[in-house]
Structures are given as structure tokens and as C-alpha cells.
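Working through the structure, step by step
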Amino acid sequence: MLPQVVCLCLPQMAECPPPRAFGGQLAATRRNDHLQVEIPLHFSEDSYSPPTTKMASEIDLYNQYPLHMDPATKAITLPQSSAYTTTQQNTVTNELNELNTLHRALISLDPPNIPPPPLPVNPKRSAQITKLRESANAAFRKNNYAEAIRLYTFAIDMGVTRPGWEPVTLAREELAGLYGNRAQAQMALQAWPEGLVDAKLSVDSKPMGNVKAWWRVGKCLAEMTRYEEAKGFLNKGIELEGQGADSAKELIALLVDVNAALKRVQGA
Amino acid sequence: MVNWLSLAVPLAYLGVLIGSLATFSSLYRKRKAQKAMSLEPWFPAHLQRDIYFSLLHLDPSSQSEKKTPNVPESVQKAALLRRATEDIRRVMTLRNQKQALSVLLQRGSVGDDLWQRFMRAEKEMEEEVRDVVSEANAYTPNWGQTIFQSANEMMNNEIYRQRIKEHEDTLEEERVWWEKKRTSVKESFMKELNEDETSSPQTQSQTQSPAVKSSETAPATPAKAAASVQGSDDDAVLVEADPSSNQASPSGGKKKKGKGKK
């Protein structure tokens, strides 16, 4: 059972409006036969100063979790207790993991420790990714596909671990290119399933103006004799690219091949 | 002199009327309020918000004997950011649902209860957002202006990462499938080989193709790289070929190549 706590954010109890239910708290109130109302002992401003500037003086209901903070690492955890079901425990623990990850990311920032506005982006990471991509491209040109894949993977890892507050469009654009290139390298090694997944990731990241990746999806599927699926993807790619567009030519050519293969297989 | 007796009847009438109306109105209002209170909330419990407040009220003395320091501000900021992210998600959900719900309400497809629940959720979210902004401003001046921008990007990034993960999870499955498929095709091909001696020239072409490929890919630049994959076309077609189309496949592969290079 979740203990219900009435949080008094300002010591103006007399003027407080009647308790207002927030989110799911009301449901919890009704479910609990005997609810526990704890009034925190420290609502004088001793333990936390920042929110005292809060204007609203209303009672906020919330579910109190007996959280624990590791004094050294500042990691927040929820101690095992019989009060929660396993699913509850798991959701809270997952959320706390996210929180701890975010906290580590915030700590690495400059003093105010708040995420900067989405734009402009910190150029350091982008530069590193570009560098990795350049060297991977060079390895690819030298037919050193395994090395190229390794470098692309590094670059992709860096792109995926971009802090969350950086614009998502940037991450998509960057990763679409990287995945597309890695798909190319995988295909050169005839690793069709790997190439397929990478190409799919690329088109998923950036569906428009990404002919090469669409072509690679179709190609990988055709190589694995999955013509029906290849046809579906190619049609979608052509549709997005525009039927008459110059860039759609290769897709159409591949589609013709796939259709021929499909006919052959069905005829057999 | 007023005749009190004759006035008593209308006065009593008025008294009863007003009294009953007042009773009715107060009862009605009470019931309505109760009903509104008993309505199920639109969203489930706001976990991030609960955690944020739990952290604020984490009482150092109530922990263990040893003195634990107060929760550092950076943790609180992180928790606030998580809360803002969840708020964004909820506000978006509400915004998406509003249009559809109002149409449904006009047509009478949904009850008034649902609409009331929705309106309440909307009002709550408004207050919640205002609260988050003022708390953010309290931590760092002007953070309130950007916290929701950051939170929005964080939400979108999270969704995007989720999708990446979903795709990457399919990789193992695909790999297993292809391994199986390839071995089965190979087996049937080997059987074909044993049955038919005439297929030996084709195996030669299979061994040749890697060499052909490497010579093709030597000058490969990313733009030209598409052509290099074409080189691998022949052997793949050979592997996949089934008995009936076996003879036709090499020429088919060449045709493919020609078209691809255009």
C-alpha cells in the first residue's frame, strides 16, 4: 500500500483550498481502506530552499516513496520492501535508473548543471563523429570492410549516446547516414541480415531523401530471396522519392528485377 | 391591522417552497461534487512527480543512524527534468485527444463523465506545467523558459532510441533465419550438383566471382560503391537458384547488373 502524503509547500495551512486530487492519487485514496496521511515534519524552510518562491499555496497530494540515496555516488534507489508488488517495484526502479543516468549526464555539464537549450549544439561530439566517419569511409575505400564496420559502429555508438536534450532531428540525420554507410559495408561482406537491419534503421531515421538506404533495404531482401518484402519496401521508397524523380530511377530498376525474380519463383 | 391568520397560509407555502428548493439544491450540489471526486483520473499516477516530491522530502534524520547528506540539487534538477518530460508527454496526449473527444461528445457517443474527467486532467496539467516552470526558475533563473524545450527533445530522443532498439533486437532473429535458409539452399544445391554433373561450370563461376568483385570495388568511392555490391549478384543468384531456373540464372544476373549500372 502506498502511503499518501500531503505535501505542504508553504506554511499557509489556513488558506489552503480543499485537497485536490492529482493524477492517480485519488484512485489510490479510494483503494486504500485506511489511508495514511503523513505531514512532513520539516515544512519550515530547512531542508529545501529553492521552491519557496512558489506562488501557489495548495496542498499537493503525492505518493511518497521511501527512497534511499547512496551518500557517495548520489544514486537514488528504492529499497526492497514488501509494501510494493514486483511490478511496482520494477517500474519505480526503472524510472530511478533513468533518473540516475540523467543525473550523471547533468553532473558532467558546466556549473549551473542544467541542460542548455536545444540549439546551438555543442560541436565537440559532432566533430568526433565526423572524424570517425571520415576514417571509416577511408577504410571502406581501401576495401577494409571489417575495419569500416568497426569504425562506423563506434560513430553510431557516439551518435546514439548523444545527450537527450540535443535536437532529435540532428541525431536522426547523423545516424541515418552512419547506418546507411554501415549497411553498405555489411553488404560488401555479403552479411545480408546485418545490412538489412542497418538499412532499415537508416530509412527509419530519415525516410525522405534517402534513396540509397531504400535501395539497400530492397537489395538485401532480394538477396535473401524475400522478394515480396523487397517489393513493399521499394514501392514505399519510390513513393516517398516521387515517381518521376531522377533519384528514384535506381529503385525502379531494382523493382523491375525483383518483380522478374518474383515471377520466376512463382512460376517454378 | 394585518390579518396574520390569512397571511399564514401563503407564508407557510413560501417557506416550504424555499426550504425544499434549498435542500434540493444543496443535496444536488453535494452529490455532484462527490460524483466529480469519484471520477477516475485521466492519467495513472505521475511517477516522476512522486519521485521528485519524495526526493524533496527525503528526511535525512529518518534514514539510518549515520548522517546522510541532503539530496544534492543536481539530483533534484534531474528529477525535475524527468517530471517535465512526463508532463510534455501528457500534454501532448491531451492535445491529441481533445479534438476527437469533443467530436464524440457532440455526437453524443460518449458520456458527460468522460468529458469532465478530461477537462479536469487538462486543468491539472496546466497547473502542473506552471508549477514545473516556477520550480525550474527557482533553481536557476530563466531555466523555466528552456526546460520544456529540453524536455520535449528528451522525449523525442527517447522515442527514437526506443525504435532503434526495436530494430536492433530483430537482428538476431534475422541472422538465425538467414543461416537456416542459406544452409537449406546450399543443401539442395549440393544435391543438385551430385545429381547433375553439368553444373560444374557454374561452380567455377562461383569461385571466380569474388575475384571479379574485388577488381570492381578497387576504385570504389561511396558514390560508386553501389556498383560494387552488384558484383556479388551472380553468386547469390546461383545459391538461391532452384532446379528449374538453374540454367537461366546466370544470364538473369548479368541483365540485372546492366540495369543497375545505368
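Bear in mind that the values here come from a model prediction, so they are computed numbers and not experimental data.

**Considerations on the confidence of the model for chain B**
Any segment with low pLDDT has predicted coordinates that should not be analysed in fine detail. Residues and elements named next belong to chain B. Chain-level statistics for chain B give a pLDDT mean of 75 and a share of 70% at 70 or above. Of the regions scoring below 50 in pLDDT, residues 63-67 engages in two contacts with residues more than four places distant in sequence or in other chains. Here residues 202-262 scores under 50 on pLDDT; set against residues more than four positions off or in separate chains, the count is 65 contacts. Scoring of the predicted complex yields 0.64 for pTM and 0.70 for ipTM.

**Thoughts on the packing of helix H7 (residues 211-223) of chain A against helix H8 (residues 227-241) of chain A**
Residues and elements named next belong to chain A. In contact at an axis separation of 8 Å, H7 and H8 are set at 170° when each is read in the N-to-C sense. On the basis of their axis angle, the class for H7 and H8 is roughly antiparallel. Our pair here, H7 against H8, has a crossing hand that is left-handed. Seen from H7, the contacting residues are Val-211, Trp-214, Val-217, Gly-218, Leu-221 and Ala-222; seen from H8, they are Tyr-227, Glu-229, Ala-230, Phe-233, Leu-234, Gly-237 and Glu-241. By residue class, the composition of the contact of H7 with H8 is nine nonpolar, two polar and two charged.

**Some remarks on the environment of A:Gly177**
Following the sequence through the fold, A:Gly177 ends up in helix H5 (residues 168-188). For the pair A:Gly177 and A:Ser202, spaced 25 residues apart in sequence, the C-alpha to C-alpha distance is 6.9 Å.

**Things to note about H8(A)**
Residue and element names in this part refer to chain A. Its 15 residues place the ends of H8 21 Å apart at the C-alpha level, agreeing with the 21 Å of an ideal helix rising 1.5 Å per residue. The complete set of buried residues in H8 reads Tyr-227, Ala-230, Phe-233, Leu-234, Gly-237, Ile-238 and Glu-241. Taken down its axis, H8 places every buried residue within 135° of arc, on the same side. Across H8 from its buried face, at more than 90 degrees, point the exposed residues Glu-228 and Glu-239. Buried-residue contacts for H8 involve H7 and helix H9 (249-267). Looking one or two places after H8, you find Gly-242, whose phi comes out positive at around 95°.

**A short note on unusual backbone geometry**
What is expected of a backbone is that most residues other than glycine have negative phi and most peptide bonds are trans. All names here are of chain A. Of note, the phi angle at Asn-143 is positive, near 65°, even though the residue is not glycine. Mapped onto the fold, Asn-143 is located in the loop between helix H3 (123-141) and helix H4 (145-160). The phi angle at Gln-190 is positive, at roughly 60°, despite the residue not being glycine. Structurally, the position occupied by Gln-190 is in the loop between H5 and helix H6 (192-205).

**Comments concerning the nonpolar core**
The biggest cluster of nonpolar side chains holds 48 residues, and the ones touching the most others in it are A:Tyr152, A:Trp214, A:Val217, A:Leu234 and A:Leu251. Listed by contribution, the elements that provide at least two residues to this core are H3, H4, H5, H6, H7, H8 and H9 of chain A. Ranked by residue count, the leading element in this core is H5(A), at 10 residues. Residue contacts for A:Val217: discarding those within four places in its chain leaves A:Leu196, A:Ala199, A:Lys200, A:Val203 and A:Phe233. Listed in part, the 34 residues of the second largest apolar core include A:Tyr65, A:Val92, B:Leu47 and B:Ala84.

Scoring rules and cut-offs
- Residues numbered from 1 in each chain as written.
- Chains lettered and ligands numbered in written order.
- Predicted model: local features only at pLDDT ≥ 70, side-chain atom pairs only at ≥ 80, totals over all residues.
- pLDDT = per-residue confidence, 0-100.
- Contact = placed C-beta atoms within 7 Å.
- Axes fitted to C-alpha atoms, helices over the stretch in contact; angles between N-to-C directions.
- Helix = DSSP H or I, 4+ residues; strand = E, 2+ residues; numbered from the N terminus.
- Parallel < 35°, antiparallel > 145°, perpendicular 65-115°, else oblique.
- Left-handed = near helix turned anticlockwise from the far one by under 90°.
- Nonpolar A, V, L, I, M, F, W, Y, C, P; charged D, E, K, R; others polar.
- Expected span 1.5 Å × (residues − 1).
- Buried ≥ 20, exposed ≤ 12 C-beta atoms within 10 Å, placed from the backbone.
- Arc of directions from axis to C-beta.
- Core = buried A, V, L, I, M, F, W, Y, C linked by C-beta atoms within 7 Å.

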